[in-house]
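# Analysis of the macromolecular model
The chain contents come next:
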Amino acid sequence: MRRPMRPVAPQKDGPLANEDITSPDVQLIDAEGENRGIVRTRDAMAEAQEQGLDLVLIAANSNPPVAKMLDLGRYKYAAQKKAAEARKKQKVIEVKEVQMRPNIDTHDYETKMKAVQRFLGEGDRVKVTLRFRGREMAHQDLGMQLLLKVREQTEDVAKVESQPRSEGRQMVMVLAPK
């Protein structure tokens, strides 16, 4: 026999407020920011409601917990704006890939190196991949020389995050901006 599903209580995000506070006493901070000392939670809630404010736990782990009288909606809005601003300022570092062949022509090589310099200038990591096809596998030393040449040319703007290594039919090296 199946049991009927119980509705799941909605999870409240943000700090505990008003009736959710289970502690009998709290360290009360009033709306002006003055410390009122240790007060019974019921008395603090009644005083907050008289002023049209909420009693919000600021430091729940201290003994006794610290509660402040403030407008909960405004507090949540400010916290949301602060989090959005922090997300806006963070930089996502991408890994850009530049693919070459061991017998690359000089002009093609210079074009690829301009792209590498641009990516490093934008603050992105660059993965330089050297692909070998057919008989080129017999000349992996040429590929290693090419990757070392790339490393020399980018010494002033990049550091080598992973040294050139062989992975099957390709060689890989990762550069990160300094």
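In this report, we go over the structure that sits alongside the text.

Scoring rules and cut-offs
Residues numbered from 1 in each chain as written. Predicted model: local features only at pLDDT ≥ 70, side-chain atom pairs only at ≥ 80, totals over all residues. Heavy atoms only, no water. Helix = DSSP H or I, 4+ residues; strand = E, 2+ residues; numbered from the N terminus. Rg over C-alpha atoms; globule rule 2.2 N^0.38 Å. Buried < 20%, exposed > 50% of the residue type's maximum accessible area, 1.4 Å probe, protein only. Contact = heavy atoms within 4.5 Å. Areas by Shrake-Rupley, 256 points an atom, 1.4 Å probe, with all protein chains shown as cover. Lys, Arg positive; Asp, Glu negative; His and termini not counted. Charge placed at Lys NZ, Arg CZ, Asp CG, Glu CD.

Looking now at the overall build of the protein. Across its full length, the protein holds four helices and eight strands. Along the chain direction, N to C, the helices and strands of the protein fall in the order β-β-α-β-β-α-β-α-β-α-β-β. The C-alpha radius of gyration of the protein comes to 31 Å, more than 25% above the 16 Å expected for a compact globule of 178 residues. For the protein, the spread of C-alpha atoms along the principal axes amounts to about 85 × 55 × 25 Å. Counting only residues that meet the buried cut, the protein has 32% of its 178 residues in that class. Counted over contacts in the protein with a minimum sequence separation of 6, partners at least 24 positions apart contribute 55%. Of the accessible surface of the protein, which amounts to about 12700 Å², a share of 50% is contributed by carbon and sulfur atoms. Measuring between centres, the 32 positive side-chain charges of the protein sit 8 Å from its 27 negative side-chain charges.

This part is about unusual backbone geometry. Of the consecutive residues Asn63 and Pro64, the connecting peptide bond is found in the cis state with omega at -5°. Along the chain, Pro64 turns up in the loop between strand S3 (54-59) and strand S4 (66-70). In the Ramachandran plot, Asn18 falls in the positive-phi region, its phi being about 50° despite a non-glycine side chain.

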